[in-house]
Amino acid sequence: MSSTNSWPLWEVFIRSKRGLNHKHVGSLHATDAEMAIENARDVYTRRQEGISIWVVESVNISASDPKIMDAMFDPAADKIYRHPTFYDLPDALKHM
Amino acid sequence: MTTLDFETQFFARINKDEKIEPKDWMPEKYRKTLIRQMAQHAHSEIVGMLPEANYISRAPSLKRKAALLAKIQDEAGHGLYLYCAAETLGAERDNLMDELHTGKAKYSSIFNYPTLNWADMGAIGWLVDGAAILNQVPLCKCSFGPYARAMVRVCKEESFHQRQGFEILLALCNGTVEQKQMAQDSINRWWWPSMMMFGPSDSESTNSEYSMKTKIKRFSNDELRQRFVDASKPQADILGLTLPDPLLKYNEATKHWDYGQIDWDEFNNVVQGNGPCNKIRVKARKDAWDNGKWVRDAATAYSEKQRQRKLETKQLA
Ligand SMILES: [Fe+2]
Ligand SMILES: [Fe+2]
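Residues numbered from 1 in each chain as written. Chains lettered and ligands numbered in written order. Predicted model: local features only at pLDDT ≥ 70, side-chain atom pairs only at ≥ 80, totals over all residues. Heavy atoms only, no water.

Chemist: So what's going on with the interface of chain B and chain A? Residues and values would help.
Modeler: At the junction of the two partners, chain B supplies 23 residues and chain A supplies 22 residues. Summed over both partners, the interface of chain B with chain A buries about 2,000 Å², with 54% contributed by carbon and sulfur atoms. The tally of links from chain B across to chain A stands at 4 salt bridges. Its salt-bridge partner being R47(A), residue E157(B) comes within 3.5 Å of it at the nearest N-O pair. Where chain B packs against chain A, one counts 9 residue pairs in polar contact (both at pLDDT 80 or more). At the level of secondary structure, the elements contributing two or more residues to the side of chain B that touches chain A comprise α1 (3-15), α4 (62-87), α5 (93-101), α7 (145-173) and α13 (293-316) of chain B. At 7 residues, the largest contribution of residues to the side of chain B that touches chain A is made by α4(B). Residues belonging to the side of chain B that touches chain A are distributed by class as follows: 7 nonpolar, 4 polar and 12 charged. (Contact = heavy atoms within 4.5 Å. Buried area = accessible area lost by both parts, 1.4 Å probe. Salt bridge = Lys/Arg side-chain N within 4 Å of Asp/Glu carboxyl O. Polar contact = N/O pair within 3.5 Å; in protein donor to acceptor, adjacent residues only side chain to side chain. Helix = DSSP H or I, 4+ residues; strand = E, 2+ residues; numbered from the N terminus. Nonpolar A, V, L, I, M, F, W, Y, C, P; charged D, E, K, R; others polar.)

Written out as structure tokens, the structure is:
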């Protein structure tokens, strides 16, 4: 069996309950989106882990490059003024 | 950065107990070790369905049948989580299947023993899943992210497997004399193969050192085996069954149960393919794959047709 015969890979995202985001849980193989959703139901929600499923073909996901992680995310590191604790205010000021 | 820099960064991460993710730089040996281990683990889950599958239609009640069916379905799920974790490192599913079918890839030797009667469903759940849990719990903290995450899911599901097995044995032990004998006979046959599930003793284990260094593995084979003995002995007492080891004895000094010699010749023999069921197991997997080909082909053809149809309706609109 050559690998070119295998079904495409899909990434599976599950919303565990109302009010929460869909979260990545894993992947699986399926011929199309419909089958991917059906398989995801059986593989990832056997114990009521979800109320909604998203699937997306893995080839359609673009990811940031971990090799340039520092250049990508370091610029946010020294901007402490984006956090509320940066500001020096009198103790008398409650609930702000 | 040079390879050396990457390697330093990699080990710095490992030592800080940070996870390694699939797209991170990693030493080739780490990647290979993980693919081999995850594939082997996945195959064990899938082949592990076979000895129990035989009893779905022979379960003594609807309750037992539903539980056994759910357990076996979980094992299929475990296999799938693990194959998908191996694929994050570039392994191809079809190649993994191929390696199982050609005997190139190994799976846990325990599944090469036959299931002779219903009591074996109890012994497998209690001892085999019990041993698997002890192996798998530390893997939830394994250094490779996808493997660790798959193990968290697996461990959540395993605990019912062991409990349903124990309950099967408990029912037999509270039953007739013959039923209790059945349970004892089953434990006699499954105890030592379960002890072997932790792999060769530390002095003989070839892959252990690197796996410990890269935190794929957190405890040695012998440490985990000792935990298994210590946990199982009091459980056997609750059942009123005797573990088939005349040398089993509580050691006041170490606070552990000392146990007898494992028959490593038997272990090696089974690993090398000469266990009682190696050939039937691989054949069953291969037949399932080959006989399922028309289903896979039909599914591919069906979704191709659907795709075409969608395209046509779009053009018409
Ligand atoms: Fe499992
Ligand atoms: Fe299990």
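Chemist: Break down the coordination of the iron ion (ligand 2) for me, with residues and values.
Modeler: Residue and element names in this part refer to chain B. Protein coordination of the iron ion (ligand 2) is provided by E75 (OE), D129 (OD), E158 (OE) and H161 (ND1), with donor distances spanning 2.0 to 2.2 Å. Here the donor residues of the iron ion (ligand 2) are spaced in sequence according to E-x53-D-x28-E-x2-H. Here the iron ion (ligand 1) and the iron ion (ligand 2) are spaced 3.4 Å from one another, each receiving a donor from E75. One end of the pair, D129, is in helix α6 (residues 119-136); the other, H161, is in helix α7, and 32 residues separate them in sequence. Judged on exposure class, the residue D129 and its partner H161 are both buried. (Donors = N, O, S within 2.8 Å, 3.2 Å for Na, K, Ca; no water. Buried < 20%, exposed > 50% of the residue type's maximum accessible area, 1.4 Å probe, protein only.)

Chemist: Describe the pattern of salt bridges, and please don't skip the residues or the numbers.
Modeler: Evaluation of the coordinates by the stated rule reveals 29 salt bridges over all chains. In this structure, the salt-bridge partner of E21(B) is R149(B), at a minimum N-O distance of 3.0 Å. Pair noted here: E21(B) is in the loop between α1 and α2 (28-47) and R149(B) is in helix α7, with a separation of 128 residues, a long-range link. Relative accessible area serves as the criterion here: at 26%, E21(B) is assigned to the partly exposed category. Note on R149(B): relative accessible area 48%, which makes it partly exposed. Salt-bridge contacts for E75(B) lead to K71(B); the nearest nitrogen and oxygen are separated by 3.0 Å. Pair noted here: E75(B) and K71(B) are both in helix α4, with a separation of 4 residues, about one helical turn. By relative accessible area, E75(B) is classed as buried at 5%. For K71(B), a relative accessible area of 1% puts it in the buried group. If you follow the salt bridges from partner to partner, you end up with R46(A), R47(A), D74(B) and E157(B) in one network.

Chemist: I'd like a rundown of the environment of A123(B), residues and numbers included.
Modeler: Residues and elements named next belong to chain B. Tracing the chain through its elements places A123 in helix α6. For A123, a relative accessible area of 0% translates into the label buried. A C-alpha to C-alpha distance of 14 Å links A123 and F160, two positions 37 residues apart in sequence. Not counting residues within four places of it along the chain, the set of residues in contact with A123 comprises V128, L169, S186, I187 and W190.

Chemist: Any details on the packing of aromatic side chains? Residues and values, ideally.
Modeler: For any pair of aromatic rings, the description consists of the separation of the ring centres together with the inter-plane angle of the planes. Per the counting criterion, the structure on display carries 13 aromatic pairs over all chains. Both rings, one in Y81(A) and one in F86(A), keep their centres 6.2 Å apart while their planes meet at 70 degrees; by these two values the pair is edge-to-face. Taking relative accessible area as the criterion, Y81(A) reaches 42% and is therefore assigned partly exposed. Where F86(A) meets Y87(A), the ring centres are 5.0 Å apart and the plane angle is 85 degrees; that geometry is what we call edge-to-face. Among the residues examined, F86(A) registers a relative accessible area of 42% and is labelled partly exposed. Of the residues examined, Y87(A) reaches a relative accessible area of 46% and is grouped as partly exposed. Among the aromatic residues, ring-to-ring pairing joins F6(B), F10(B), F11(B), W25(B) and Y30(B) into one connected group. Between R227(B) and the ring centre of F219(B), over which it is positioned, the NZ or CZ distance is 4.1 Å. Cation over ring: R296(B) sits above W289(B), and NZ or CZ is 3.8 Å from the ring centre. (Phe/Tyr/Trp six-rings, centres within 6.5 Å; stacked < 30°, edge-to-face > 60°. Lys NZ or Arg CZ within 6 Å of the ring centre and 35° of its normal.)

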